[in-house]
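# What the coordinates show
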Amino acid sequence: MTSTRISMGGRIDRSRVINFTFDGKRFAGHPGDTLASALLANGVSLFGRSFKYHRPRGVLSAGVDEPNALVTIVRDAVREPNLPATTVEIYDGLIAESQNRYPSLQFDVGAVNQLASRFLGAGFYYKTFMGPKIWPLKGTRFWMFCEHFIRRAAGLGTAGLEPDRSRYERMNAFCDVLVVGSGPAGLSAAKAAADQGANVIMADIDARFGGSANWSEETIDGAPASEWASAIVQQLATMPNVRLLSRTSVWGYYDSNTLAALERVSDHKTRPSFGEPRHRHWTIRAGHVVLATGAFERPMVFTGNDLPGVMLASAGQRYANEFGVLIGRRVALFTNNDTAYGAALALKRAGATIAAIIDVRKTVSDTARSAAAECYAELITGYAVQTTEGSKQLDGVRIQQFDGQRTTERERLVEADCLLVSGGWSPAIHLASQAGAHPIWNEDLQAFLPPPPTDKWVGAGAFNGTFDTATAIDEGLSAGRTASGNTKPRKTKSSVVEGYKCQPNPAPVFEIKGKGKAFVDFQHDVTADDVRLAHTEGFTSVEHLKRYTTLGMATDQGKTSNVPGMAIMAETIGKPIPEVGSTRFRPPFAPVSVGALAAERFGDLKPERLTPMHDWHIDHGATMYGAGLWYRPMIYGLKGETVEQAYVREARAVRSGVGIVDVSTLGKIAVQGPDAAEFLDRVYTNMFSTLPVNKARYGMMLREDGFVMDDGTTWRLGETEFLMTTTTANAGKVMQHLEYFLDVVWPDLKVHVTSVTDQWAGAAVAGPRSRAVLEACVSGTAVDNAALPFMGIVHGEIAGVKVMICRLSFSGELAYEVYCGANSGTHVWEALIEAGKPHGITPYGLEALGTLRIEKGHVTGAEIDGRTTAHDLHLDWLLSKKKPFIGSAMMNREGLQAEDRLQLVGIIPLDNLPINGGAHIVEELHESHPSDSIGHVTAMCYSPALGKYIALALVKAGKSRRGSRAFVSDPLRKRFGPVEIVSHHFFDPEGSRLHG
Amino acid sequence: MVDTVSPLEPVLNRGRFANTAAQTGVVISEPAPGSIVQLAAWPDTDQKVREAIASVLKLNLDNSPGAGAVSGHRAAFNIAPRRYLLAEEDEGLAERLLSIVPADVGSVTDLSHGRTAIRIDGEKSEWILAKFFAVDFSLARFPVGQGVSTSHHDIFTQIQRRSETTFDLYVFRSFARSFWRSLCHASEETGYEIR
């Protein structure tokens, strides 16, 4: 192939030059060029090596259907492999590399595979790597041995290791009408719908709207097709109800007319502008969809049909007319239909010599015959290309007489540097197929067509199998009007289209049988013989054929190969094609970047949830800890302190003086309404309707199956108003639980629940000196034992801020929770710190909080793990016998009463060494062969109050084991040792300290 | 005067940012209403609750989903069946509502500290919001006053359109800084001003 740039014509901007490299060599092109067109313009014909046999490959098509010319683009050291050169727009500085070759594209040692190609057919891996039946590489061992080498050899391009710093975004869009494709049919549909006032989105995979009008030689209403298209695009661009998305592949059609699209926003730029994403992923909810996605030309299957220089006829025409590239000087055509003759005319006008037109049909239409004559081409009917000549590029083709089934001896050579082929057309029905439409075989077109729409989509143009431009425009106009809700007959005249007109119906010829490799799926090196081999080996279903041969499973998803593959299989089976069936197209229509699917979540994979005092904690040296989405202080470490030293110091300060901890993260739910108390009686296991105003009560709620769901205190703020607190982790779950019962089970209850977690900043002041701290800063209320007894609530002020104080304790000490409006949280916190200074107030974090609760034996999420009951946690004293509640019907099931259930216990390591959460408790210690677990550790700490390490655990029949010995077994962390099982109440079991 | 601290304080850096080569696509600000209140009705008291809103805020709402109204510094919109989010420049709205809405008519929940209002204004505000929410923000479908409850990833957001180009977004206070950063990041493409 001796391709070159034509001196005039094309939709490229010849006034500007773009420099880029391919395999390190510098080339120049123009804006409007794809990498394929620019390289072809520079005389490059060899683009890559094939997947399995490393055969030289050129360019087959000019669009997204390209199976051969796959390249790797390198940008900022990031490698993106397997991009069709036909879809890559060039930009200054573009670095492209060919693939699957070593050491070079011209000389590829992998080509040695061709010598062994007869052994590399379909199913090669399955059959070869079964493994021998004898040692040492028996069975799968042989596969595991070979896998390393196979994986190195497999695949085409190589992804890099550098992280992709590109920006990806997601967008949501809504429209009345989405038009997919912007050829004459799509443009007409968009214009018609927009004229009706509909909100329209028109998306096209290419950079330039217009589709086939960009390379057609037709005139529409007296203007060249491209100018006609440009004029409509300009009109659409000025309409406020129209959004135009170029470089956008609509790749998925989902339920409720939701479509997924990928916009390549800045791939064509040397540098994206600030903040501009590389790709934008669109989720489009469309009232109606117009599918004007055109059709793909099919290649013919014959020996050597993959040689560089063999190209689809429409691609040759497109390169000439859209990109100003002549793909060969002496061009032959091989066809089974009349459309290729139009390409011959285009190539002739562009300056090529049309050496011959080889048509498998014995007789052709007058239109085709005239076209052949017009381009001075020898018309050779009743012949077929038997094989190609040339090593890395085409020198000519050998043709033989063809009777519709096979070739005869009469052979001749046609010299040509380019062979354009056309095996008919396959409408691009992928999106309709994804939407559930089952394709219908059309005998005339030898192609699958979409069925009548069953959903809110309508087709137009070549998608429908309509290859006449005037009719396609009519269909587009009708589709646009229908999609926008106008069902009245159209009154406007049809467009007048002039140019080469022909019937697209092909002869039913897909393959010319011969010796040598004839490729069906170019990208996966699947040959016609592979298809037959699959049948021979019993794969008679099209789905099995596909998987066994990998036909149509490459990145091009078989756009050029599916129908020929099915045709060959049908012939092999001896059934008509529609009886063989077709596979259903699945998303994506074209490859989608993973980055675009993930899009971005700025900063992290999850948003940060910050308490009102977050910045204070940071400023005061807190080490923050992620707790769900929240960030909470773990410790306020002093210089040189370990975590353990810090939390021991903090916990000791609470026990001996006073500490303060941020409890703003506790879930807080306002439960309001005349039936609020009744509702809480049903939700909690214990009674809340008897709770006086300004008092709080500890409560526990069960799931419907009787297991413990959550616990916390609920405060009665008024006759009809409660403030429920939940554990931090379960706030959302409890909220959903409450809403479900109110909405679904008890809709008659007049109760509202609202998350007020963020309304309140909360600080727990704990320790023997806590009351003194409050007395120093609270005004408007007394906080002594009489005014504020255990579980009492008072309202007052701290530093001018209204506060609500409840006396309750998680630490086991005299303690108060001080709540105020969140925006005043830091103000109140600082006031409490200031008031506490004379008492040595110490801020403490989660580690100390955990230590204090372990010492007290209080449960948290580690113990309320969804598998424990109130009995297991020794909380059965909370189970009211006076009322039913959620879970009460199920909580006493036999299995939940079993003696050997895991029960909460305390654990003391007798070697006084730390043990980890998750460590097993066993009855006998065998380090090399751990014995059966009787439970596991849920939490552990060093207890400053007890002066030793302690832990909580869930142990089988734990209560009855108190006072007995067992062992901790933690093989993963190699921690073994004796422990004593004790009560979970390690410290102040009588609760004397919290009562002050 | 008591110090109140906005969760946005460390990130509310006034000025123009990001793609300044382009025109400033959006202006992002914190309107900081003195009161943000949820008012919720019972099945048979919705009309009374909307009358209470009209009485206190002088804003008339119909009973369609998302219905809302804005006037000056006052705003109200429907956020769920029989639930309304109200905002006003002055503090004390919850107390005023409590005085005229007894428990058998509805519930009043003060969220003035619990929600943070973020305003996005400008020619590109619909474009930016489309990056976050699967909501049709076109003026025809989402007119001035209209509101919606939705979410972006884990961040629950209630949105009201204040003008053709202005939207107020109410997010949980604890998420506000994270959401603000996301909003600024998404606006880099169009250029943005923090005011």
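Residues numbered from 1 in each chain as written. Chains lettered and ligands numbered in written order. Predicted model: local features only at pLDDT ≥ 70, side-chain atom pairs only at ≥ 80, totals over all residues.

## A short note on the overall build of chain B
Stated formally: Put simply, DSSP marks the helices as runs of H or I at least four residues long and the strands as runs of E at least two long, and each gets a number from the N terminus on. By definition, residue pairs are in contact when their C-beta atoms, positioned from the backbone, come within 7 Å.
Within chain B one finds 4 helices and 12 strands. Oriented by its inertia axes, the alpha-carbon framework of chain B measures out at about 55 × 45 × 30 Å. Nonlocal contacts in chain B, meaning residues at least 24 apart in sequence, comprise 68% of its contacts between residues at least 6 apart.

## A look at the overall build of chain A
Rule in force here: Only C-alpha atoms enter the radius of gyration; for comparison, a globular chain is expected to reach 2.2 Å times N to the power 0.38, where N is the number of residues. Three exposure classes are used, based on other C-beta atoms lying within 10 Å of a residue's own C-beta, which is placed from the backbone: buried for 20 or more, exposed for 12 or fewer, and partly exposed in between.
Scanning chain A from N- to C-terminus turns up 22 helices and 53 strands. Computed over its C-alpha atoms, the radius of gyration of chain A comes to 38 Å, more than 25% above the 30 Å expected for a compact globule of 996 residues. Judged by the C-alpha coordinates and their principal axes, chain A covers about 110 × 75 × 55 Å. Out of the 996 residues belonging to chain A, those deemed buried represent 55%. Within chain A, contacts between residues at least 6 apart in sequence are counted, and of these 67% link residues at least 24 apart.

## As for the interface of chain A and chain B
Rules: For this classification, Asp, Glu, Lys and Arg are treated as charged, while Ala, Val, Leu, Ile, Met, Phe, Trp, Tyr, Cys and Pro are nonpolar and the rest, including Gly, are polar.
Counting from both sides, the interface comprises 42 residues of chain A and, opposite them, 43 residues of chain B. Contributions of two or more residues to the side of chain A that touches chain B are made by β9 (168-180), β37 (667-672), β41 (752-755) and α21 (825-836) of chain A. A breakdown of the residues in the side of chain A that touches chain B according to their chemical character gives 13 nonpolar, 19 polar and 10 charged.

## Observations concerning the domain arrangement of chain A
As a reminder, the rule being used: Bear in mind that the domain bounds are from an automatic or database domain assignment.
Taken as a whole, chain A is organised into domain 1 (168-296 + 425-495), domain 2 (614-665 + 759-851), domain 3 (667-757) and domain 4 (897-996). On a C-alpha basis, the centres of domain 3 of chain A and domain 4 of chain A stand 33 Å from each other.

## Notes on the environment of D33 of chain A
Residues and elements named next belong to chain A. Examined against the element boundaries, D33 turns out to sit in the loop between β3 (25-29) and α1 (35-41). You can call D33 buried: it has 28 C-beta atoms within 10 Å. C-alpha of D33 to C-alpha of Y91: the two residues are 58 residues apart in sequence and 9.1 Å apart in space.

## Here we look at the nonpolar core
All names here are of chain A. The line we're drawing: A set of buried residues drawn from Ala, Val, Leu, Ile, Met, Phe, Trp, Tyr and Cys, joined through C-beta atoms within 7 Å, is what defines a nonpolar core.
V290 and A344 are the most contacted members of the largest nonpolar core, which has 235 residues in total. Setting aside anything within four residues of it in sequence, one finds V290 in contact with V177, V179, V180, G186, A189, V458, A460, A479, G480 and A483. Grouped together as the second largest cluster of nonpolar side chains are 115 residues, V648, A696, A763 and Y844 included.

## What about unusual backbone geometry?
One can expect most non-glycine residues to show negative phi and most peptide bonds to be in trans. Residue and element names in this part refer to chain A. That bond from Y102 to P103 is cis: its omega, 0°, falls within 30 degrees of zero. The amide bond that connects P587 to the next residue, P588, takes the cis arrangement and shows omega of 0°. When you line up the elements, P588 lands in the loop between α14 (577-580) and α15 (594-598). One non-glycine residue, R247, lies in the positive phi region at around 50°. Of note, R247 is situated in the loop between β13 (242-245) and β14 (248-254). Backbone geometry places T550, a non-glycine residue, at a positive phi of 65°. Following the sequence through the fold, T550 ends up in the loop between α12 (542-549) and α13 (562-573). Its 20 C-beta neighbours within 10 Å are what place T550 among the buried residues.

## Brief notes about the domain arrangement of chain B
Residues and elements named next belong to chain B. Domain annotation of chain B identifies domain 1 (9-31 + 115-194) and domain 2 (35-110). Placing a centre on the C-alpha atoms of domain 1 and another on those of domain 2 gives a separation of 24 Å. The interface is formed by 13 residues belonging to domain 1 together with 12 residues belonging to domain 2. Counting residues per element, the ones that place at least two in the side of domain 1 that touches domain 2 are β8 (115-121), β9 (147-152), β10 (155-161) and β11 (166-172). The element that contributes the greatest number of residues to the side of domain 1 that touches domain 2 is β9, accounting for 3 residues. Classifying every residue of the side of domain 1 that touches domain 2 by side-chain character gives 4 nonpolar, 6 polar and 3 charged.

## Description of the environment of F107 of chain A
When you line up the elements, F107 of chain A lands in the loop between β8 (94-97) and α2 (124-128). Separated by 51 residues in the primary sequence, F107 of chain A and P56 of chain A have C-alpha atoms spaced 9.9 Å apart.

## Some remarks on the sheet that holds strand β24 (residues 396-402) of chain A
Residues and elements named next belong to chain A. Note the cut-off: Two strands pair under a simple rule: DSSP has to find at least two bridges between them. Lines fitted to C-alpha atoms define the axes here, with helix axes fitted over just the stretch in contact, and angles between the N-to-C directions of these axes take values from 0 to 180 degrees.
Spatially, 3 strands are ordered β23-β24-β25 in an open sheet, and the strand pairing comes out antiparallel. Of all the strands in the sheet, the pair left with one neighbour each is β23 (383-389) and β25 (407-415). Put simply, the sheet's adjacent strands are angled 30° from each other on average, direction ignored. Note: β24 against β25, 6 bridges, orientation antiparallel. Its bridge partner lying in β25, R398 is registered against L413.

## Concerning helix α17 (residues 643-656) of chain A
Spacing of three or four residues puts side chains on the same side of an α-helix, whose turn is 3.6 residues. All names here are of chain A. Note the cut-off: By this rule, a helix spans an expected 1.5 Å times one less than how many residues it contains.
In this model, α17 (14 residues) spans 20 Å end to end at C-alpha, consistent with the 20 Å of a helix rising 1.5 Å per residue. For α17, the complete set of buried residues consists of A646, Y647, V648, E650, A651, A653, V654 and R655. As for α17, its buried residues are in contact with β35 (630-636), β36 (659-662), β42 (760-766), β47 (842-843), α22 (846-856) and β50 (933-943).

## Side note on the packing of helix α1 (residues 46-57) of chain B against helix α2 (residues 93-100) of chain B
Residue and element names in this part refer to chain B. We apply this condition: The scheme is simple: roughly parallel for angles under 35 degrees, roughly antiparallel for over 145, roughly perpendicular for 65 to 115, oblique for anything else. Each crossing gets its hand from how the near helix is turned against the far one by less than a right angle, where anticlockwise is left-handed and clockwise is right-handed.
Contact geometry for α1 and α2: axes closest at 10 Å, N-to-C directions at 130°. Of the possible angle classes, the one that applies to α1 and α2 is oblique. Once α1 is placed against α2, the crossing between them reads as right-handed. Residues A52, S55 and V56 of α1 touch α2, and the partners they reach there are R96, L97 and I100. Looking at the contact of α1 with α2 residue by residue, the classes come out as 4 nonpolar, 1 polar and 1 charged.

## A few points about the packing of helix α4 (residues 184-195) of chain A against helix α5 (residues 225-237) of chain A
Residues and elements named next belong to chain A. With their axes 10 Å apart at the nearest point, α4 and α5 run at an angle of 35° to one another. As α4 packs across α5, the resulting crossing turns out to be left-handed. Between α4 and α5, the residues in contact are L187, A190, K191 and A194 and A229, I232, V233, Q235 and L236, respectively. Tallied by class, residues from the contact of α4 with α5 come to 7 nonpolar, 1 polar and 1 charged.

## A few points about helix α7 (residues 339-350) of chain A
All names here are of chain A. For α7, which comprises 12 residues, the first-to-last C-alpha distance of 17 Å matches the rise-based estimate of 16 Å (1.5 Å per residue) to within 8%. Burial analysis of α7 places 10 of its 12 residues in the buried class, which makes it a mostly covered element. Looking only at α7, the buried set comprises T339, A340, Y341, G342, A343, A344, L345, A346, L347 and A350. Of the surrounding secondary structure, the elements contacted by the buried residues of α7 are α6 (313-321), β19 (325-326), β20 (330-335), β21 (353-359), α8 (366-374) and β26 (418-422). Two residues or fewer after α7 comes G351, characterised by a positive phi angle close to 115°.

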